[in-house]
Amino acid sequence: IAEINITSMNEILRDMAEHRKFFETLTDTLSRTATQEGGDVVLEGAYNIFHHPEYRNDVERAQSFLMALETKDKLQEMMARSTRWEFTITIGRENEMDALRNMSVVTATYKLGDRPMGSLGVIGPTRMDYGRVVRLLHYISRSLGEVMSGMLGDSSTEQEGK
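Since this is a predicted model, take the numbers as computed values, not measurements.

(A) Representation of the overall build of the chain in the model. Helix and strand counts for the chain come out as 6 helices and 3 strands. The helix and strand sequence of the chain, counted from the amino end, reads α-α-α-α-β-β-β-α-α. Going through the 162 residues of the chain one by one, you find that 28% of them count as buried. Look at the contacts in the chain between residues 6 or more apart in sequence, and 51% of them connect residues 24 or more apart. About 11100 Å² of surface is accessible on the chain, with carbon and sulfur atoms providing 53% of the total.

Here's what the structure looks like:
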């Protein structure tokens, strides 16, 4: 606490605001898709890719990325396969979709108890801060699982955490 100064406090507040916006979007998305069967791919924040210089200055690369997002069926297949693991990280040419071959995809699976319910992920440049993205996705997937358990009154997952 003694080491927190006004600059670090401003950074913390900015990070909290970003996380709040994300969770508001997440809960809104969950509300919209809760009644759909078979799941759906929901994309948010695609415009953020233009904050990275390699996409801001390369129109073809940006178009390729945006076109990949339009192929929701392939993205849905990719996300469905990722529920087999807690986390997946595919970098560059490891990606099965040609349009994502110069990007990285990091996914996390959220669960209700031991049962995988779905995946969430980040698509970004290969130079992304993988540690930060994995920590964030881990936090979100655990939180999401806890929220879902609380909403459904699932006491089995509450016992697991104790």
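(B) Local environment of the side chain of T107. Tracing the backbone shows T107 in strand β2 (residues 103-112). Residue class for T107 comes out buried when judged on its relative accessible area of 2%. Residue contacts for T107: discarding those within four places in its chain leaves M79, S82, E86, F87, T88, L120, G121 and L137.

(C) Representation of a nonpolar patch on the surface in the model. Residues M9, I12, L13 and M16 make up a contiguous nonpolar surface patch of roughly 360 Å² in combined accessible area. For M16, the position within the fold is in helix α1 (residues 6-33).

(D) Examining the pairing of strand β3 (residues 115-125) more closely. In the sheet, β2 pairs with β3 via 10 bridges, with the strands oriented antiparallel. Looking across to β3, one finds that Y110 is bridged to G118. Taken together, β2 and the strand that follows it, β3, pair antiparallel across an intervening segment of 2 residues, in which G113 is found at a positive phi of about 70°.

(E) Examining the sheet that holds β2 more closely. Taking strand neighbours across the sheet as the criterion, the 3 strands line up as β1-β2-β3 in an open arrangement whose pairing is antiparallel. Both edges of this open sheet fall to β1 (87-91) and β3, since each of them pairs with a single strand only. The sheet shows a mean angle of 15° between the axes of neighbouring strands, direction not considered. Lying on the sheet, helix α4 (residues 72-82) is in contact with β1, β2 and β3; it crosses β3 at an angle near 120°.

(F) Highlighting α4. Among all positions in α4, only L75, M78, M79 and S82 are buried. Within α4, the buried residues cover an arc of 95° as seen down the axis, which keeps them to one side. Turning to α4, the residues buried within the fold contact α3 (59-70), β1, β2 and β3.

(G) Representation of the pairing of β2 within the structure. By the criterion of burial, β2 is predominantly enclosed, with 9 of the 10 residues buried. As defined by bridge partners, β1 adjoins β2 across 5 bridges and the pair is classed as antiparallel. Counted as the bridge partner of I89 is V106 from β2.

(H) Structural detail: the pattern of salt bridges. Evaluation of the coordinates by the stated rule reveals 3 salt bridges. Across the pair D98 and R101 runs a salt bridge, and its minimum N-O distance is 3.4 Å. We classify D98 as exposed; its relative accessible area is 63%. Two residues, R142 and E146, come together in a salt bridge whose shortest N-O distance is 3.9 Å.

(I) Molecular detail of the nonpolar core. Among the nonpolar cores identified, the biggest contains 12 residues, and these are I49, Y55, F65, A68, L69, L75, M78, M97, A99, L100, M103 and V105. Elements represented by at least two residues in this core include exactly α3, α4 and β2. At 3 residues, α3 tops the list of elements feeding residues into this core. Counting residues in each nonpolar core, the second largest holds 11 residues, with Y110, L112, L137 and I140 among its members.

Rules used throughout
- Residues numbered from 1 in each chain as written.
- Predicted model: local features only at pLDDT ≥ 70, side-chain atom pairs only at ≥ 80, totals over all residues.
- Heavy atoms only, no water.
- Helix = DSSP H or I, 4+ residues; strand = E, 2+ residues; numbered from the N terminus.
- Buried < 20%, exposed > 50% of the residue type's maximum accessible area, 1.4 Å probe, protein only.
- Contact = heavy atoms within 4.5 Å.
- Areas by Shrake-Rupley, 256 points an atom, 1.4 Å probe, with all protein chains shown as cover.
- Patch = residues over 30% accessible without salt bridge, like charges linked within 9 Å, V, L, I, M, F, W, Y side chains within 5 Å.
- Salt bridge = Lys/Arg side-chain N within 4 Å of Asp/Glu carboxyl O.
- Pairing = 2+ DSSP bridges.
- Axes fitted to C-alpha atoms, helices over the stretch in contact; angles between N-to-C directions.
- Arc of directions from axis to C-beta.
- Core = buried A, V, L, I, M, F, W, Y, C linked by side-chain atoms within 4.5 Å.

Function cannot be inferred from these measures alone, as they are strictly geometric.
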